[in-house]
Amino acid sequence: MSITESDVKERPACTTTSLSNYRWSDPPDENKWADCVHCGMCLESCPTYELTGQEQHSPRGRVHLIKSVAEGKLQVNEQFMDPVFACLDCRACTTACPADVDVGGLIEEARGQIRQAMPLTGYKKAVSKLFLESLFPHQQRMNALGRLLKFYQKSGMQKVVRKSGLLKVMPDHLADMERILPDIKEPVRKKYKGEKVINAKGETKHEVALLTGCVMDVMFSDINEATINVLTRNGNDVVIPETQTCCGALHVHAGEREMGRNLAKQNIEAFKDAEKIIVNAAGCGCMMKEYAELFREEPEWQAKAQDFSAKVEDISKYLHDTGYEKPQAEMKTRITYHDACHLAHGQGVREEPRNLLLDIPGVKMVHMPDAERCCGSAGIYNLTNPEMAGEVLKSKMKNVPEEVEMISMGNPGCMLQMAMGVQKYGRNQKVVHTVQLLDWAYQKEDELRGERDGIKRSQNK
Amino acid sequence: MALKEVKTNDKHIRNLANIVGGARSILYHKEDLLAYDCDGFTIHKHLPKAVVFPKDTQEVSKLVKYCSDNHLPFLARGAGTGLSGGAIPVNGEVIISLVRMKRLLHVDFENRRAMVEPGFVNLKLTNSISDKGYYYAPDPSSQYCCTIGGNVAENAGGAHCLKYGVTTNHILGLEVVLPNGKIIEIGKNGIPDSPGYDLLGLITGSEGTLGIVTKITVRILKNPEAKQTVLAYFDNVSDGSRAVSDIISAGIVPAALEMMDKTAIEAVEAAAFPVGHPRDIEALLLIEVDGISAGINEQISQILHVCENRNVREVKVAKDESERARWWANRKTGFGAMGAISPDYLVQDGVIPRSRLPEVLSRINKISEESGLRIANIFHAGDGNLHPLVLFDARIPGQTEKALAAGSACLQVCADVGGTITGEHGVGIEKREEMRFVFTDEEIKAQTDIREVFNPDNLLNAGKLFPSPGRCAEIKKEMKEAAL
Amino acid sequence: MITTSLHTDLNSLLPEGQIITGESKSHPLGNGGFITVFPKTEKEIERVLKYANGYEKKVCVQGGGTKRGFGGLMETADILLSLSKYKGIVEHTAGNMTITVKAGTPFHELQTYLAEHQQKVSLDPAWPEYATIGGIIGANESGPKRLGYGSPRDVVIGLQMVYPNGSMIRTGGKVVKNVAGYDMNKLFIGSMGTLAVISEVTLKLRPLAKYESLMLLAFPEGKFESIRSFVTSLLESMMEPAALELLTPSLSETLTGKKCYTLAISFEDVESAVHYQEEFVRSIQPVQTNLDILHQKEAGAFWEKLYTIGPNGAIDSTAKETEAAVKIGVTNLDGLHVLKESALMQDSHNLVIEGHAGLGHGLCQVNLKGASDDVLQAILQLRKFVEQLNGYLIVRHLPYVLRQQLSVWGEQPCHFYLFEGIKAKVDPNRILNDQRFVGGI
């Protein structure tokens, strides 16, 4: 059945489901776009609108298109897909919107429809399947990939590849990514496997569960390690539930909502005994706070998801709320802070990480203009839309102050992207996670204390 | 991303694409064009033929010339935040989008002026010069995203125009592409009073019907030395509006004097930037005075005194800049905030002599009761510029028409008391018919005569600003009947 | 004779006593009429124009006559339409801060009335006792306080006019904010009466300043660098002068008795704020300058004097020498160069030249007095100089004979065809103030 425009005109201009060109379950939620009055306050917040100047690539434009499909004015087709998938899902529009329209939610729901109406084919399908279905949800495979990368780095093969000129024939964005591969270390899930609880140093005040994340634990296990250190130092027993899995954010962003739901269910089960779920990846945290959105058609799970989401907290917010020991050692460094979209816009966490950094003696914070602007990482957006992601990164890097030594942030995707920016534009900043800096400050303090104690001890002798 | 090449049988599309350098600078697929079927006024929608994105004046001129030579209707568009439908392609126009012409070309602090391209966003100008202590005064509520080109077209106002004037008072020079493609410079070098008829003043506020502005020289101002903001809550609207008159009569020229009524307060408090206003008050005033520090306190205490005399429930002065900023964010996002309490709204923009405020408010109240639609009021009380927001749900058959009729009735009230139908949003397509509330046929003809001088074929943004004879009267009648 | 038939015709349109024949046939400033009419109602204006339009009679429009020497290549039109008897306040509600007045109301009368309500029209034109509000708006006249308060285009919110075909047309309205239709007010402000006869004007008002002071900062050494750097730092500061006018030594002598470049700085605000700003000026006062401060009435008296130093077309000149006045527009601080050049010409052209420049807005007024050839030469040279600064010069006052020897308005702009188009639409028979404006419009 297809509805032509002339059919539409003859019917009253109200929306009934019969007009809608969304044919699958879980369609974009009418109540979400009903709030949009097309005022345009979102325009300037949107990185893709800034770059293209085109309104189908703006939040209100996308909402308008999504609504138009429901009204039967548009079909779910390639032309509709383009603007919907070009969205970075950075949520900056949600912050800018006077009426709190959930543009991000609408986009994800629309992507779900598109993926079902127009399944991926060919190369794109293969890549998507590889990452989303075969890799991220499977910790062993992720670990294996980690080992492979580690081997690639340690064996000298990386050097060979870099010398060989192979990078020159790779697609640009893949070559860029290769250049910034972080140093692969042992995943914490492997390291603490079998340990039921990692005990607080000193008196236990709280018990928390940690989401180790799929990419995080392979690529940035040192950040997980730092998170555990910081948590235990501040009186938290840390549990790493065995059955946890990938949060599903990337799947949901990609329109693979069914997969997302499966992962969500698994995590809801895995963390059901936890009182607090600590996340150090903004993207994961944001997704997990929004699990309920996935279950609009499964009320039972929706209720469970709501309970689950209430327990999810970003590490910086958690430390801020429950209190933490201020480090004593001086770090003497100039840094700037980048707001990960899913932390600032997604979870409203802005001041907490900054305060945390400012509590480290010797840290000088330099303001980054438009700190809340997306870096272009946006999950795997930099893989699927390399061109736009590159442009977004370019304007982001322009705002990184020259004089800083480090760029701190709270999301692994951003870290990879920003590291790529630093490499690409010949900058020399170190890209760090907020919690890492705190951990280093604690370590330095311990070292100094150790030295001091050592000196004292030797003096006492 | 956009396709790399233009694939269409329409030769005009191909030719227009060639002028702007190819597929990345033109939209012509229905799916893309749909995002351009309306602006901030969403009641009427129409698809454009194409949207083109020129990068400089020369391209604009070529596009205009092409359209003119080939009798293609065309219009210019900025951010599309206009509230009267001025950028809606009612004739299937080619939209010339100016958003990629967004450079700040020049700032001359010594002589207090700046030159921008039309796509440059209003607030960005202030942000670009604030470190030197300067700002650009016109501050429409949409200033976060609206373009200065659009501001010129609409002669945009804003909360602070009570003291500092509207856009036209801040425009020193323009480069304009006329509807025949000719490029002219008026207000040369930004020097005031250049000999000849004041085309600068005529084009500003002409809603894009006389030419397309491609460069704008604006006046920039030094920041006031001091600024204080007062928030006052009233238990009844008439006390609030009398306080407004008292403040003005006391010889104070506030930088801004804003008012919101109960329904408006409900919306802003339910939306993204709540301040924590009490929900049971009937009106609030937001008053700002600025100027020389030594004189501010005297004015503030006078204002507090006036409010006390008018039975204010609570009145407070902003503690610091962040509190002030929160009050303003709450106020400036007021229109969009309506989304939080109603699926659709229609904002009106009447102006009345300040002294008639209490009377007009009660008549608007009556319109609300009669139509069964809620009407929120947010307004620039200092200069009598009302923004009744008619709340409705377009999904309910008949409500749109009812809302339009109620909006129109509000404007009739404004006209009846000696006011006007629009203070800053423009006529667009929305208020064409209401032009008759304030102008005779002869007076309207005097204006269309001027349009004919600039735009003889009426290809540029046709169907805006002026009532079309005959037909509109029927629609009007239908609307009224629908409302009954 | 033509005049007689004209007189007869007009007699049927206007009451007895409102028509005078031949009063101003060959006035040295031109812009006269064989017959002068003094309408007292709008209907009468309509009748006169309808008649003139029907019979293609040329009409010259006049208020108080102060600008009689401003433009115009006609010595005598058929009808001189004087609005001097069409005056008075139409509507004023103090709380609305707006007023509607008839065009022939002298400015001073209007201000005196408003002062009773602690209000004012924020304009400061020359010869306020004579100049009518209609004339001020028609010629777009402003004074030094434009810096603080703007010009006619900033204060006029509505006009009521009679078009050449006799129809009554209103533009704008009675409220301070209005974007209904084109901003037609602007078209008529400064149109030199070439489009329509303004009958009523609605203006936005301001409260009278609670306190005012005038600081006269004299630079005996006349060092331009020093003036410039002082002005720059004052403008850079957050002070809010209502006027910042530089006077040539000659003008300064006339007004203050001191023959040196002098800056006249005006502050208007509540008393504490005025004194605070005076203090600031003192704190940045350059060395080797003298500072005098006048308050309230004394300050007012200074400005009154400044407003009456130029030629006045309404007073028959007794001077044997030729008097001229020009208005110059340049980029703000270039006013310094304009004054310097004008002062130099005083000697080189053997003239008396008095000038003042608004350094915050870029408009300068220069009055010249001397032999007619010298005056003409000086104007042309000054125009050349100003054009090098990308500015313009227009001649605000010059006898009729001399006006034919130079272009009062300067070169036509490239968009002149739009001016012609507008004129042709509104006044197709060219009956109103023919040849008074740019390019002979």
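Throughout, a residue's number is its position along its own chain's written sequence, starting from 1. The order in which chains are written sets their letters, starting at A; the order in which ligands are written sets their numbers, starting at 1. Where local features are concerned, this predicted model is filtered to residues with pLDDT of at least 70; where side-chain atom pairs are given and counted, the filter is 80 or more; whole-chain, interface and lining totals use all residues. Remark: hydrogens and water are excluded; side-chain values derive from all non-hydrogen atoms of the structure.

## Examining the overall build of chain C
Then step 1. Along its length, chain C carries 15 helices and 19 strands.
Then step 2. C-alpha atoms define the radius of gyration, and 2.2 Å times the number of residues to the power 0.38 defines the globule rule. In terms of overall size, chain C behaves like a compact globule, its C-alpha atoms giving a radius of gyration of 22 Å where 441 residues would be expected to give roughly 22 Å.
Then step 3. Dimensions of chain C, computed from the C-alpha atoms along their principal axes, are close to 70 × 55 × 40 Å.
Then step 4. Any two residues whose heavy atoms approach within 4.5 Å at even a single point are treated as in contact. Taking contacts inside chain C between residues at least 6 apart in sequence as the whole, the part at least 24 apart equals 72%.
Then step 5. Only four residue types enter the tally: Lys and Arg on the positive side, Asp and Glu on the negative side, with His and both chain ends excluded. Positions of charges follow a simple convention, taking NZ of Lys, CZ of Arg, CG of Asp or CD of Glu. Taking the average location of the 42 positive side-chain charges in chain C and that of its 47 negative ones, the two points are 5 Å from each other. We count a stretch as a helix when DSSP gives it H or I for four or more residues in a row; a strand needs E for two or more, and each element gets its number in order from the N terminus.

## Here's the deal with the interface of chain B and chain C
Then step 1. At the interface, 88 residues of chain B touch 73 residues of chain C.
Then step 2. Summed over both partners, the accessible area lost on bringing two parts together, with a 1.4 Å probe, is the buried area. With both sides pooled, the region where chain B packs onto chain C buries about 6,600 Å², and carbon together with sulfur makes up 57% of that total.
Then step 3. The largest per-residue losses of area from chain B upon contact with chain C belong to Asp193(B), Tyr197(B) and Ile292(B), which jointly make up 13% of the total buried on that side.
Then step 4. The rule for a salt bridge is simple: a side-chain nitrogen of Lys or Arg has to be within 4 Å of a carboxyl oxygen of Asp or Glu. Our enumeration of links across chain B and chain C arrives at eight salt bridges.
Then step 5. Salt-bridge contacts for Glu452(B) lead to Lys425(C); the nearest nitrogen and oxygen are separated by 2.7 Å.
Then step 6. Polar contacts, as used here, are pairs of N or O atoms within 3.5 Å; protein pairs need one atom able to donate a hydrogen and one able to accept it. Residues neighboring in sequence count only if both atoms are side-chain atoms. Where chain B touches chain C, the interface holds 34 residue pairs in polar contact (both at pLDDT 80 or more).

## Considering the arrangement of the chains
Then step 1. Ranking the two pairs of chains in contact by number of contacts places chains B and C first.
Then step 2. The closest approach of any C-alpha atom in chain A to one in chain C is 20 Å; the two make no contact.

## So, the environment of Leu368(C)
All names here are of chain C.
Then step 1. When you line up the elements, Leu368 lands in strand 18 (residues 363–370).
Then step 2. Accessible area is worked out with a 1.4 Å probe on protein chains only. A residue is then buried under 20% of its type maximum, exposed over 50%, and partly exposed in between. Given a relative accessible area of 2%, Leu368 falls into the buried group.
Then step 3. Excluding its chain neighbours within four sequence positions, the residues that come into contact with Leu368 are Thr322, Glu323, Ala324, Val326, Leu351, Val352, Ile353, Ala378 and Ile379.

## Considering helix 17 (residues 257–270) of chain A
Then step 1. Helices are assigned an expected span. That span is 1.5 Å times one less than the residue count. In this model, helix 17 of chain A (14 residues) spans 20 Å end to end at C-alpha, consistent with the 20 Å of a helix rising 1.5 Å per residue.
Then step 2. Along its buried surface, helix 17 of chain A packs onto helix 7 (103–117), helix 16 (249–253), helix 19 (291–294) and helix 20 (299–311) of chain A.

## Describing the pairing of strand 16 (residues 322–329) of chain C
Residues and elements named next belong to chain C.
Then step 1. Counted residue by residue, strand 16 has seven buried out of eight residues, so it is predominantly covered.
Then step 2. In short, DSSP must find at least two bridges between two strands for them to pair. The sheet contact formed by strand 16 and strand 18 spans eight bridges and is antiparallel. In the sheet register, Thr322 faces strand 18, and the bridge partner there is Gly370.
Then step 3. Two strands pair when backbone bridges link them, and strand 16 and strand 19 (residues 392–397) are joined in this way by five bridges, in the antiparallel orientation. Counterpart to Lys327 in the pairing with strand 19 is Ile394.

## Some thoughts on the interface of chain A and chain B
When the parts of a complex come together, some accessible area is lost, and that lost area is often used as the size of the interface.
Then step 1. Contacts between the two partners involve 40 residues from chain A, matched on the other side by 49 residues from chain B.
Then step 2. When chain A packs against chain B, close to 3,600 Å² is buried across both sides, 53% of that on carbon and sulfur atoms.
Then step 3. Note that Arg395(B) and Glu30(A) form a salt bridge whose closest N and O atoms lie 2.8 Å from each other.
Then step 4. Inspection of the chain A/chain B interface yields 14 residue pairs in polar contact (both at pLDDT 80 or more).

## A look at the pairing of strand 17 (residues 375–380) of chain B
Residues and elements named next belong to chain B.
Then step 1. Of all six residues in strand 17, six are buried; the element is thus mostly enclosed.
Then step 2. Every second residue of strand 17 is oriented toward a common face, with Ile375, Asn377 and Phe379 on one face and Ala376, Ile378 and His380 on the other, all of them buried.
Then step 3. Pairing of strand 13 (residues 256–261) with strand 17, which is carried by two bridges, proceeds in the antiparallel orientation. Its bridge partner being in strand 17, Met260 is matched across the sheet by Ile378.
Then step 4. In this structure, strand 17 lies alongside strand 18 (residues 385–392), joined through six bridges in antiparallel fashion.

## With respect to the nonpolar core
Then step 1. Judged by nonpolar contacts, the single largest core of 207 residues is most densely connected at Phe454(B), Leu203(C) and Leu263(C).
Then step 2. The leading source of residues in this core is helix 14 (residues 399–416) of chain B, at eight residues.
Then step 3. Other than its neighbours up to four places away in sequence, Phe454(B) contacts Leu178(B), Pro179(B), Leu199(B), Leu202(B), Ile203(B), Leu210(B), Leu418(C) and Ile422(C).
Then step 4. Residues enter a nonpolar core if they are buried and are Ala, Val, Leu, Ile, Met, Phe, Trp, Tyr or Cys, with the set joined through side-chain atoms within 4.5 Å. The next biggest cluster of nonpolar side chains, apart from the first, holds 87 residues, and it includes Leu210(A), Met219(A), Ala282(A) and Val432(A).

## A short note on the environment of Gly255(A)
Residue and element names in this part refer to chain A.
Then step 1. Looking at the secondary structure, you find Gly255 in the loop between helix 16 and helix 17.
Then step 2. By relative accessible area, which is 5% here, Gly255 ends up buried.
Then step 3. Between the alpha carbons of Gly255 and Val431 there is a distance of 30 Å; along the sequence they are 176 residues apart.
Then step 4. With near-sequence residues (within four places) excluded, Gly255 lies in contact with Arg111, Gly112 and Arg115.

## Thoughts on the pattern of salt bridges
Two side chains bearing opposite charge may form a pair once their charged atoms approach each other closely.
Then step 1. Overall, the coordinates contain 79 salt bridges over all chains when judged by the stated rule.
Then step 2. Taking the shortest distance from any N to any O, the salt bridge between Glu313(A) and Lys289(A) comes out at 3.7 Å. Linking Glu313(A) in strand 4 (residues 312–314) with Lys289(A) in helix 18 (residues 282–289), this pair joins segments that are 24 residues apart in sequence.
Then step 3. The class of Glu313(A) is buried, set by a relative accessible area of 11%.
Then step 4. One salt bridge connects Arg282(C) with Glu279(C), and the closest N-O pair in it is separated by 2.4 Å. Taken together, the residues Arg282(C) and Glu279(C), both in helix 10 (residues 271–283) and three residues apart, mark about one turn of the helix.
Then step 5. The class of Arg282(C) is partly exposed, set by a relative accessible area of 37%.
Then step 6. Overall, Glu279(C) belongs to the partly exposed group, its relative accessible area being 45%.
Then step 7. Among the ionic contacts, a cluster of salt bridges with common partners joins Asp26(A), Lys32(A), Glu109(A), Arg257(A), Glu258(A), Arg261(A), Glu293(A) and Arg296(A).

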